[in-house]
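# Tertiary structure, described
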Amino acid sequence: MANYAGQVDFQTRLQNWLPKIVLSPSIAAMVVFVYGFIAFTVYLSFSDSKMLPSYDWIGLTNYTKLWNLSHWWVSITNLAIFAVLYIGICTLLGLSLAILLDQKIRGEGILRPIYLYPMALSFIVTGTAWKWILDPGIGLENSMHQWGWESFEFNWIKDRNMAIYTVVIAAVWQTSGFVMAMFLAGLRGVDNEILKAAQIDGASNWKLYRRIVIPMLRPAFLSAFVILAHLSVKSYDLIIALTGGGPGRATEVPATFMYSYTFTRNSMGIGSASAVIMLMTIAAIMTPYLYAELKEQK
């Protein structure tokens, strides 16, 4: 009897420890290769690192130099333009498509994966494809000229003042379907009884969405904002594939600035400082969201 009780106790302890044992290598790798490297980057931002890491502590000198660089301010301006347009257009377009599909239209099963398909592509593929489409020599402008519309001109990707908007076009094309799916899930979760009661009271479709449906989509709006803001801050691969940060510095953002100063300009300390600023920006976006989620769970 004692042996049986000991065996049951061993099995119970094994069941409790087995998930921890299985997950421990992944947790250790994450601690080292994610949080460890984050801590190392923070340390480098306070060091006199050039081409290679240096351990000479210089305090906030790199941050002072960073905020005095005109290139950094150009990247911040470009990020602001890109983020505002990207988040705003994706949200509006995704909500509009979700409302359209929520009407139970014919062919919804076909349209939904069509809208979602771009999200399955990597940003490198998206950037390369849109680079071909927007290139005046081989893309849309050239096609229009071949079809006889000789006066058609669309050379934004070569224009310093308009190139950032081509990045917005490509990013919106890729992500708006994902935002649509988020809003569609929220719309399908709205209680129909509330809508029927409002319709009985004489509410028009416009008032129905403006006063009832859209306010009830607040969690979907918040989730969409957090995801889109995070993607806009760390946008690197799309810009490199589409414009390479050019023409000139017309599409340079903090992510491309960080790579440039860290690996091609031999200013690892300044590059690390810019990476820390990006990390703090993402943390400032995520923290209120996580706080709200934890507050709702309590």
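Refer to the structure presented above.
My aim in this report is to walk through the structure given alongside it, one point at a time. What you see is a predicted model; the values in this text were computed from it and never measured.

## Details of the packing of aromatic side chains
- Taken as a whole and judged by the stated rule, the model has 17 aromatic pairs.
- With centroids separated by 5.8 Å and ring planes inclined at 75°, the aromatic side chains of F33 and F37 adopt a geometry described as edge-to-face. Pair noted here: F33 and F37 are both in helix 1 (residues 2-45), with a separation of 4 residues, about one helical turn.
- When its relative accessible area of 54% is taken as the criterion, F33 is described as exposed.
- With centroids separated by 5.5 Å and ring planes inclined at 45°, the aromatic side chains of Y236 and Y259 adopt a geometry described as tilted. Highlighted residues: Y236 in the loop between helix 10 (218-233) and helix 11 (237-242) and Y259 in helix 12 (residues 254-264), separated in sequence by 23 residues.
- On the accessibility criterion, Y236 (26% relative accessible area) is partly exposed.
- By relative accessible area, Y259 is classed as partly exposed at 39%.

## Points about unusual backbone geometry
- Cis geometry marks the peptide bond from G246 to P247; its omega dihedral reads 0°.
- Within the secondary structure, P247 sits in the loop between helix 11 and helix 12.
- Phi is positive for N266, close to 55°, though the residue is something other than glycine.
- Assessed through its relative accessible area of 36%, N266 is described here as partly exposed.

## Digging into the packing of helix 4 (residues 108-116) against helix 7 (residues 163-188)
- Put simply, helix 4 and helix 7 touch, their axes get as near as 7 Å, and they point 135° apart. With respect to their mutual orientation, helix 4 and helix 7 come out oblique. Residue-level inspection shows E108, R112, Y115 and L116 of helix 4 in contact with helix 7, the latter providing G177, F178, M180, A181, L184 and R188.
- Each residue belonging to the contact of helix 4 with helix 7 can be placed in one class, and the counts come to 6 nonpolar, 1 polar and 3 charged.

## Considerations on the pattern of salt bridges
- Going through the model one piece at a time under the given rule, you end up with 3 salt bridges.
- Among the salt bridges present, the one from D48 reaches K50, with a minimum N-O distance of 3.8 Å.
- Classification of D48 as partly exposed rests on a relative accessible area of 32%.
- The exposure class assigned to K50 is partly exposed, which follows from its relative accessible area of 43%.
- When the shortest N-O distance is used, the salt bridge between R188 and D102 registers 2.9 Å. Here D102 lies in the loop between helix 3 (70-101) and helix 4 and R188 lies in helix 7, a separation of 86 residues in the sequence.
- On the basis of relative accessibility, which here comes to 38%, the residue R188 falls in the partly exposed class.
- Looking at D102, the relative accessible area reads 16%, which means it is buried.

## Considerations on the side chain of T126
- You can see T126 is positioned in helix 5 (residues 123-134).
- Discounting residues that sit within four places of it in the chain, T126 has contacts with L121, A170, W173, Q174 and L238.

## As for the environment of I282
- Mapped onto the fold, I282 is located in helix 13 (residues 268-297).
- We classify I282 as buried; its relative accessible area is 18%.

## Overview of the nonpolar core
- Within the largest apolar cluster, 51 residues are counted, with the highest numbers of intra-cluster contacts made by F82, Y86 and F183.
- Contributing elements (two or more residues each) for this core: helix 3, helix 5, helix 7, helix 8 (192-200), helix 9 (205-216), helix 10, helix 11 and helix 13.
- No other element matches helix 7, which puts 12 residues into this core.
- In contact with F183, other than residues within four places in its own chain, are T91, G94, L95, A98, L217, A220 and F221.
- Membership of the second largest hydrophobic core comes to 10 residues, among which are Y63, W72, A273 and V276.

## Considering the packing of helix 7 against helix 10
- Where helix 7 contacts helix 10, the axes come no closer than 9 Å and their chain directions differ by 160°. Considering their axes alone, helix 7 and helix 10 lie roughly antiparallel with respect to each other. Helix-helix and strand crossings are classified by hand; for helix 7 and helix 10 the assignment is right-handed. Between helix 7, through T175, F178, V179, M182 and F183, and helix 10, the contact on the second element is made entirely by A220, F221, S223, A224, I227, L228 and L231.
- Tallied by class, residues from the contact of helix 7 with helix 10 come to 10 nonpolar, 2 polar and no charged.

## Description of the side chain of T243
- Tracing the chain through its elements places T243 in the loop between helix 11 and helix 12.
- Residue contacts for T243: discarding those within four places in its chain leaves I157, T166, V167 and T251.

Rules of the game
Within each chain, residue numbers correspond to sequence positions counted from 1 in written order. Totals for whole chains, interfaces and linings use every residue, but because this is a predicted model, local features are given only for residues with pLDDT of at least 70 and side-chain atom pairs only at 80 or more, for both listing and counting. Hydrogens and water are ignored here; the side-chain numbers use all heavy atoms of the structure. Only Phe, Tyr and Trp rings take part, Trp by its six-membered ring, and two of them pair if their centres are within 6.5 Å. Stacked means planes under 30 degrees apart, edge-to-face means over 60, and tilted covers everything else. Here a strand is any run of E in DSSP of at least two residues, a helix any run of H or I of at least four, and the numbering for each starts at the N terminus. Relative accessibility under 20% of the residue-type maximum defines a buried residue, over 50% an exposed one, and the middle range a partly exposed one, all with a 1.4 Å probe and only protein chains included. Helix axes are fitted to C-alpha atoms over the stretch in contact, other axes to C-alpha atoms as well, and angles between N-to-C directions run from 0 to 180 degrees. Here the word oblique covers every angle except those under 35 degrees (roughly parallel), over 145 (roughly antiparallel) and from 65 to 115 (roughly perpendicular). Pairs of residues are marked as contacts when any of their non-hydrogen atoms sit within 4.5 Å. Gly is placed with the polar residues, together with every amino acid not listed as nonpolar (Ala, Val, Leu, Ile, Met, Phe, Trp, Tyr, Cys and Pro) or charged (Asp, Glu, Lys and Arg). Whenever Lys or Arg places a side-chain nitrogen within 4 Å of a carboxyl oxygen from Asp or Glu, that contact is recorded as a salt bridge. What makes a nonpolar core is a set of buried Ala, Val, Leu, Ile, Met, Phe, Trp, Tyr and Cys residues whose side-chain atoms join them at distances within 4.5 Å. For a crossing to be left-handed, the near helix must be turned anticlockwise from the far one by less than a right angle; the clockwise case is right-handed.

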